[in-house]
Amino acid sequence: MRILLTGSQGQLGTCLKERFPEEWEIIACDSQTLDITDAQNVLNMVKTFEPKVIINAAAYTKVDAAETNSEQAFAVNATGTLNLAMAAKSIGGRLIHVSTEQVFDGHQQIPLNENMAPNPINVYGQSKLAGELLALHAHIDTAIVRTSWVYSEHGHNFVKVMLNKGLEMLKMRVVDDQIGCPTYAGDLAEAIIKLVQLKHSPRGLLHFAGDQQMSWADFAHQIFTLAAEKKQSYRQVSVERIRTADYQCAAKRPAYGVLDSTTLNKLLDQPIVSTPLAHVIAKLID
Ligand SMILES: NC(=O)c1ccc[n+]([C@@H]2O[C@H](COP(=O)([O-])OP(=O)(O)OC[C@H]3O[C@@H](n4cnc5c(N)ncnc54)[C@H](OP(=O)(O)O)[C@@H]3O)[C@@H](O)[C@H]2O)c1
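Attention in this report is confined to the structure presented alongside it. Everything numeric here is computed off the predicted structure, so don't read it as measured data. (Residues numbered from 1 in each chain as written. Predicted model: local features only at pLDDT ≥ 70, side-chain atom pairs only at ≥ 80, totals over all residues. Heavy atoms only, no water.)

### Comments concerning the packing of helix α1 (residues 11–19) against helix α6 (residues 185–197)
1) Next: Relative orientation of the contacting elements α1 and α6 amounts to 60°, with a least axis distance of 8 Å. As the angle between them shows, α1 and α6 are arranged oblique. The chirality of how α1 crosses α6 is right-handed. Only Ala185, Gly186, Leu188, Ala189, Ile192 and Ile193 of α6 make contact with α1, whose side of the interface consists of Gln11, Leu12, Cys15, Leu16 and Arg19.
2) Next: Grouping the amino acids of the contact of α1 with α6 by side-chain chemistry returns eight nonpolar, two polar and one charged. (Axes fitted to C-alpha atoms, helices over the stretch in contact; angles between N-to-C directions. Helix = DSSP H or I, 4+ residues; strand = E, 2+ residues; numbered from the N terminus. Parallel < 35°, antiparallel > 145°, perpendicular 65-115°, else oblique. Left-handed = near helix turned anticlockwise from the far one by under 90°. Contact = heavy atoms within 4.5 Å. Nonpolar A, V, L, I, M, F, W, Y, C, P; charged D, E, K, R; others polar.)

What follows is the structure, encoded as C-alpha cells:
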C-alpha cells in the first residue's frame, strides 16, 4: 500500500506516521516539502509516486486568525484540498480528507450526523466546507472524515495549554456553554488507517469523534484533576465557568458540535475505543 501523507508534522500527521502498518510505503510531506496550495507541485508529486491513497492531514487550523486571514485559510483548506482531489483523480487514486465540526452552526442540540445541513458561522468553517464540496465534486473517490476538538502529545492543543496553566495558575476562567467531543488524534489516526484497510473504500462524509461530550470548562477541570493526581508540581486549578459572551475572541464558535460517529464505526469490524484522557496526560507529564 503506497500512501502520500500531507501535513505530516501536525497533530494528526504525526499520529498517523506513528501508527501506519510497517509494510506500507509512506511518502510523508510537511508544509516545506509539499505546499498543498501549489497545484503543479501537488500534481508532480502525485504523478511521480502514484500513491494508492492520499491522506490530507494538512490544514490552516488557526480559527481566530482565519477571520482576518481568510485568503490563506481558503487557499489551504479549499484550494489545497481541491488540488489534492484533482491529483488523486488523475492517477485513479483515493483521497481521504479531514474536516471539522465547525462546518455546523451549533444551533441543533442533537448529535450531528452526516445528513445534517452544514452552515458555518466562522471563516475557518467556511473554508473547510468549501474544501469538502470542492473535493467531493472534483473526485468521486473521496472520503471526508469530520472530527472535533483534536488533542495529542504533539503540536498545539487545548490539553497542552491547560497543562502549562496548571503549573502556574490557581484559578482559570473557561467557557462552559460550548459543547463538543474531545478527540485524541491517535484514535482519529487509527480510524483513518482502518478506513484505508477496508475492502470497499467508503466515499462521502463520515463523522468521527471521542465518545465523551462535555464543555470546555468540563474538559479543563478533567485535565487539571488528572494532572494534579499524577504529579505534585501540577495544581488543582479551580475552573470558573463563564459564558462565550464573556470571553473575547475573533471567531464565533458553534455552541454545540457533538459529532455522531455511528456510521463510521459501523463500517469497521470493531469500533474504535476512545483512549482515556488520563493515558495521554500521563505521556505528556511523565
Ligand atoms: N485541531 C483541532 O481541534 C481540529 C478540530 C476539528 C478538525 N480538525 C481538522 O483535523 C485535521 C488535522 O488537524 P491537526 O490538529 O492535526 O492540525 P495541525 O496540528 O494544525 O496540523 C496541520 C498541518 O498542516 C500543515 N500545513 C498548513 N498549511 C499547509 C500547506 N499550505 N501545505 C501543506 N501543509 C500545510 C501545517 O504545517 P505548518 O505548521 O508548517 O504550517 C501543520 O503541520 C485538519 O484538517 C483540521 O482542520 C482539527
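### Digging into α1
1) Next: Listed as buried for α1 are Gln11, Leu12, Gly13, Thr14, Cys15 and Leu16.
2) Next: Those residues of α1 hidden inside the fold are in contact with β1 (2–6), β3 (53–56), β4 (94–100), β6 (150–151) and α6. (Buried < 20%, exposed > 50% of the residue type's maximum accessible area, 1.4 Å probe, protein only.)

### Thoughts on the site of the ligand
1) Next: By nearness alone, 24 residues border the ligand, and Leu12, Ser31, Thr61, Tyr124 and Lys128 come closest of all.
2) Next: Protein contacts shield 78% of the accessible area of the ligand, which totals 900 Å² for the unbound molecule.
3) Next: If you list the elements that add at least two residues to the shell around the ligand, you get α1, β4 and α4 (123–138).
4) Next: The leading source of residues in the shell around the ligand is β4, at three residues.
5) Next: Partitioning the shell around the ligand into residue classes produces 11 nonpolar, 10 polar and three charged. (Near = heavy atom within 4 Å. Areas by Shrake-Rupley, 256 points an atom, 1.4 Å probe, with all protein chains shown as cover.)

### Quick look at the packing of helix α5 (residues 158–165) against helix α7 (residues 216–230)
1) Next: Direction vectors running N to C along α5 and α7 enclose 55°, while the axes themselves pass 10 Å from each other. Accordingly, the angle class assigned to the pair α5 and α7 is oblique. As for how α5 packs across α7, the hand of that crossing is right-handed. The segment α5 lies against α7, with Phe158, Val159, Met162, Leu163 and Lys165 engaging Trp216, Phe219, Ala220, Ile223, Phe224 and Ala227.
2) Next: Looking at the contact of α5 with α7 residue by residue, the classes come out as 10 nonpolar, no polar and one charged.

### As for the pairing of strand β2 (residues 25–29)
1) Next: Sheet topology places β1 next to β2; five bridges connect them, and they run parallel. Its bridge partner being in β2, Ile3 is matched across the sheet by Ile26. (Pairing = 2+ DSSP bridges.)

### So, the pattern of salt bridges
1) Next: Inspection of the entire model under this criterion finds 10 salt bridges.
2) Next: Note that Glu25 is salt-bridged to Arg2, the shortest N-O span being 3.1 Å. In this pair, Glu25 is assigned in strand β2 and Arg2 in strand β1, connecting sequence segments 23 residues apart.
3) Next: A relative accessible area of 29% places Arg2 in the partly exposed class.
4) Next: Measuring nitrogen to oxygen at the nearest pair gives 3.5 Å for the salt bridge that ties Asp141 to Arg203. Remark: Arg203 occurs in the loop between α6 and β10 (204–207) and Asp141 occurs in the loop between α4 and β5 (142–147); sequence separation between them is 62 residues.
5) Next: The network of salt bridges with shared partners includes Asp176, Asp218 and Arg241. (Salt bridge = Lys/Arg side-chain N within 4 Å of Asp/Glu carboxyl O.)

### Quick word on the environment of Leu198
1) Next: Relative to the helices and strands, Leu198 is located in the loop between α6 and β10.
2) Next: For Leu198, a relative accessible area of 19% translates into the label buried.
3) Next: Remark: the alpha-carbon pair of Leu198 and Leu268, spanning 70 residues in sequence, is separated by 7.7 Å.

### A few points about α4
1) Next: Along its 16 residues, α4 runs 22 Å from first to last C-alpha, staying within 8% of the 22 Å computed at 1.5 Å per residue.
2) Next: Those residues of α4 that sit buried are Val123, Tyr124, Gly125, Ser127, Lys128, Leu129, Ala130, Gly131, Glu132, Ala135 and Ala138.
3) Next: Along its buried surface, α4 packs onto α3 (70–90), β4, β5 and β10. (Expected span 1.5 Å × (residues − 1).)

### Points about the nonpolar core
Buried together is how nonpolar side chains tend to be arranged in soluble globular proteins.
1) Next: Counting 27 residues, the largest nonpolar core has Leu12, Leu16, Phe20, Ile55, Ile192, Leu195 and Leu264 as the members making the most contacts within it.
2) Next: Considering each element in turn, this core owes the most residues, eight residues, to α6.
3) Next: Aside from chain neighbours lying at most four places away, what touches Phe20 is Ile3, Leu5, Ile26, Ile55 and Ile193.
4) Next: Judged by nonpolar contacts, the second largest core, of 26 residues, contains Leu4, Leu82, Ala87 and Ala251. (Core = buried A, V, L, I, M, F, W, Y, C linked by side-chain atoms within 4.5 Å.)

Note that all results are geometric; they support no functional claim without further evidence.
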